Amino acid sequence: MARMSDHRFQVDLTGIIDLLSHHLYSGPQVFVRELLQNAVDAIRARRAEDGKFEGRIEVELAGGSTPTLVFSDNGIGLSEKEIHSFLSTIGSSSKRGDLLERKVDFIGQFGIGILSCFMVSDEIAVVTRSCRSGSRPQEWRGRGDGTYSVRTLEAEVEPGTRVYLRARPGAEEWFDSEKVAGLIRRFGGFLPEPVLLRRGDSLVRLSQEEAPWNISSQDRLLELGRGAFEEEFVDVVPLRSTAGGVQGAAFVLARSPNLAARRSDRVYLKNMLLSDSAEGLLPDWAFFVRCIVNTTRLRPTADRESFFEDDLLDRTREELGGSLRDWLVDLARRHPDRLRALIRLHHLAFKTLALHDEEFFRIVAGWLPFETSLGEMSLQEALKHAPEIRYALTVDEFRQVMRVAQAENLCVINGGYVHGAELLEKYGELFPDVPVSAVDASTITRELKELDLKDQESAHEFLLTADAVLRRFDCRADLKSFQPSDLPALYSIDETAAFHRSVQESKDVSSEHWGAVLDALRETPEESRLATLCFNFSNPLVTRLCKVKNRDRVALFVQTLYVQALLLGHRPLRPPEYKILNDGLLRLLELGLEARP
Ligand SMILES: Nc1ncnc2c1ncn2[C@@H]1O[C@H](COP(=O)(O)OP(=O)(O)O)[C@@H](O)[C@H]1O
Ligand SMILES: [Mg+2]
């Protein structure tokens, strides 16, 4: 006679299941993962007692009006007492205390996995027999309403566990044999334990694929990566971390990735898929790779989609970054051409890495590509041009000096892009023989050729007038001769003057009261408040302007050239400057018309 007893879970299950399915599990498909994980753990527990034991998991599906699924393992099984404490107590797991100390390779740990079956089935039936001698088989029926029953069976069954699920209305799709097989392959394809799908009399093997972390052939790995991520890779790097018990491979992308997207990796926990898109396992600078790794030590979060952000994860991240770095360092030594190609493809990642790692910096710095006034070139090439590094701090400053520097054959590097200036300064620190300095339009202007005495004399009147006109814009006039000759004037402003100008701009747009505060701020001496507009004596228009005697006309041209130079330098215009843009241009047009016979 079967002994039967009815019980309730300790809490109302309906609410909990609802909570889990909406907030913890990413979808009904996870029930396959949880059944698989439980079966694998049961087998590992049994093997911990009997080293030679061979585990096996079998899955069988039946269609019909109510499709069913049977998930069997020949693992450790459960005794009646264990059923009450582990299967029927929410949040209670057998994988604690002494068992974990004995280093059994369990994957589960939270004691809520089994509840995921209620997403697809209203009732879970479990027939189980503990492998301990004298144990009788038990049948447990758990229902979504929170009740469960346990009875002892008379029949003879082998030790192990069978879980029976019946599709709840609307969840039939999760009982499709192709679908379930696909999910098992996805979650458990790399499990060393055999997982078999029964189809009539035949069995299809779904697991025991060769795992990437056990493959040493580069070609096979690359092929595997291509299949897994559906994209091409140019290289593959072995990854190791002792702290996190991680083994795996980093696949080097053949394209430069979208930097706005968070990089993510495919992560397995004890050979079972944890996540397709785990974030934060590698340092951020590793965005030129995608990884497949297996960990035996990192702790998964309860949703089993990522890891706890703890000390262990930090150390693991560092070690994995180290694996990647060592490979790059080795590449620089042995295959510089491959490194160069790689840097061209992923230069941003390389610049970031270089900033964080001195040794790496010394090795790759020469190859890092930069935009310069003489075209794009590597730092090595730039240093061949001149044995010093001169760079513009911002993209705007670079744009301002670029044309002059180019025409004057000066190599100025654009330090305005991500990490640019930082890298160049670091270069100076690590290679003290190479002078590194920031330049801007003022520096360049000062270095331009002075006019000879005769020209200075002929342009004297013009310079005086121009200077007087420009003072009302906090600017002084200068006159030099430089290339390119089609550039009539070069506007430059140093830091103090730029600050003064931005104070003025704020004052233009803000209230009077605020203006007074700003007034107090701008107590800089007159001279250092001035920007410079350096006219180009090599420019034909300027040469002619120097000969014009009509002061009003000179003033008009000077103002217009001033505004044009501001616009070229991407400077925002202040209201009086806008006025010039309007009125000045109209006046110039008028003059043009008047000049016609
Ligand atoms: N196939 C199985 N064989 C033996 N015990 C099982 C099996 N499935 C579940 N159990 C028991 O039920 C407990 C709860 O399972 P579960 O809710 O998935 O939590 P977890 O796997 O995180 O421990 C497990 O700890 C285990 O003791
Ligand atoms: Mg489990």
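The rules behind these values
Residues numbered from 1 in each chain as written. Chains lettered and ligands numbered in written order. Predicted model: local features only at pLDDT ≥ 70, side-chain atom pairs only at ≥ 80, totals over all residues. Heavy atoms only, no water. Buried < 20%, exposed > 50% of the residue type's maximum accessible area, 1.4 Å probe, protein only. Helix = DSSP H or I, 4+ residues; strand = E, 2+ residues; numbered from the N terminus. Arc of directions from axis to C-beta. Contact = heavy atoms within 4.5 Å. Pairing = 2+ DSSP bridges. Axes fitted to C-alpha atoms, helices over the stretch in contact; angles between N-to-C directions. Donors = N, O, S within 2.8 Å, 3.2 Å for Na, K, Ca; no water. Near = heavy atom within 4 Å. Polar contact = N/O pair within 3.5 Å; in protein donor to acceptor, adjacent residues only side chain to side chain. Areas by Shrake-Rupley, 256 points an atom, 1.4 Å probe, with all protein chains shown as cover. Patch = residues over 30% accessible without salt bridge, like charges linked within 9 Å, V, L, I, M, F, W, Y side chains within 5 Å. Salt bridge = Lys/Arg side-chain N within 4 Å of Asp/Glu carboxyl O. Lys, Arg positive; Asp, Glu negative; His and termini not counted. Charge placed at Lys NZ, Arg CZ, Asp CG, Glu CD. Phe/Tyr/Trp six-rings, centres within 6.5 Å; stacked < 30°, edge-to-face > 60°.

I'm lost on helix α8 (residues 336-345) in this one. Help?
Every α-helical turn comprises 3.6 residues, leaving residues that sit three or four positions apart pointing alike. Residues of α8 that are buried: L339, L342 and I343. Within α8, the buried residues cover an arc of 100° as seen down the axis, which keeps them to one side. Residues of α8 that are exposed and point over 90 degrees away from its buried face: D337 and R344. Where α8 is buried, its residues meet β10 (233-241), β11 (246-253), α7 (311-334), α9 (347-356), α10 (358-364) and β15 (369-372).

How do you make sense of the sheet that holds strand β3 (residues 68-73) when you look at a structure like this?
With respect to topology, nine strands assemble into an open sheet ordered β1-β6-β5-β4-β7-β3-β2-β8-β9, the strand pairing being mixed. Of all the strands in the sheet, the pair left with one neighbour each is β1 (4-8) and β9 (202-205). Taken pair by pair, the neighbouring strands of this sheet meet at an average axis angle of 20°, ignoring direction. Here strand β5 (residues 138-143) runs beside strand β6 (residues 147-152); their pairing, made up of five bridges, is antiparallel. Pairing of E139 across the sheet is with R151, part of β6. Packed on one face of the sheet, helix α2 (residues 30-49) meets β2 (57-62), β3, β7 (160-167) and β8 (195-199) and runs near 20° to β3. Relative to β6, helix α3 (residues 80-87) is tilted by about 165°, and along the sheet it contacts β1, β4 (121-129), β5 and β6.

Would you take a moment to explain the coordination of the magnesium ion (ligand 2) for this structure?
For a metal bound by four donors in tetrahedral geometry, the ideal donor-metal-donor angle is 109.5 degrees, whereas six donors in octahedral geometry ideally sit at 90 or 180 degrees. In the first shell of the magnesium ion (ligand 2), the protein supplies Q37 (OE1) and N38 (OD1), at 2.0 to 2.2 Å from the metal. With a relative accessible area of 4%, Q37 lands in the buried category.

What should I look at first to understand the site of ligand 1 in this one?
The full set close to ligand 1 counts 19 residues, and N38, D73, S93, S94 and G111 are the nearest of them. One of the backbone N or O atoms of I114 is found 3.0 Å from an oxygen atom in ligand 1. For ligand 1, whose free accessible area comes to 530 Å², the fraction covered by protein is 96%. For the shell around ligand 1, the elements supplying multiple residues, two or more each, are α2 and α3.

Teacher, can you tell me more about a negative patch on the surface here?
A cluster of acidic residues, E358, E422, E425 and E429, forms a negative patch at the surface. At three residues, the largest contribution of residues to the negative patch is made by helix α13 (residues 420-430). Here E429 shows up in helix α13. Residue E429 is classed as exposed on the basis of its relative accessible area of 60%.

When you look at the packing of aromatic side chains in this model, what are you seeing that I'm missing?
To describe a pair of aromatic rings, you give the distance between the ring centres and the angle between the ring planes. Using the criterion set out here, one finds 15 aromatic pairs in the structure. Judged by centre distance (5.3 Å) and plane angle (35°), the ring pair of F288 and F350 falls under tilted. Here F288, found in the loop between β13 (272-278) and β14 (289-295), pairs with F350, found in helix α9; they are 62 residues apart in sequence, far enough to count as distant. The exposure class of F288 is buried, given its relative accessible area of 0%.

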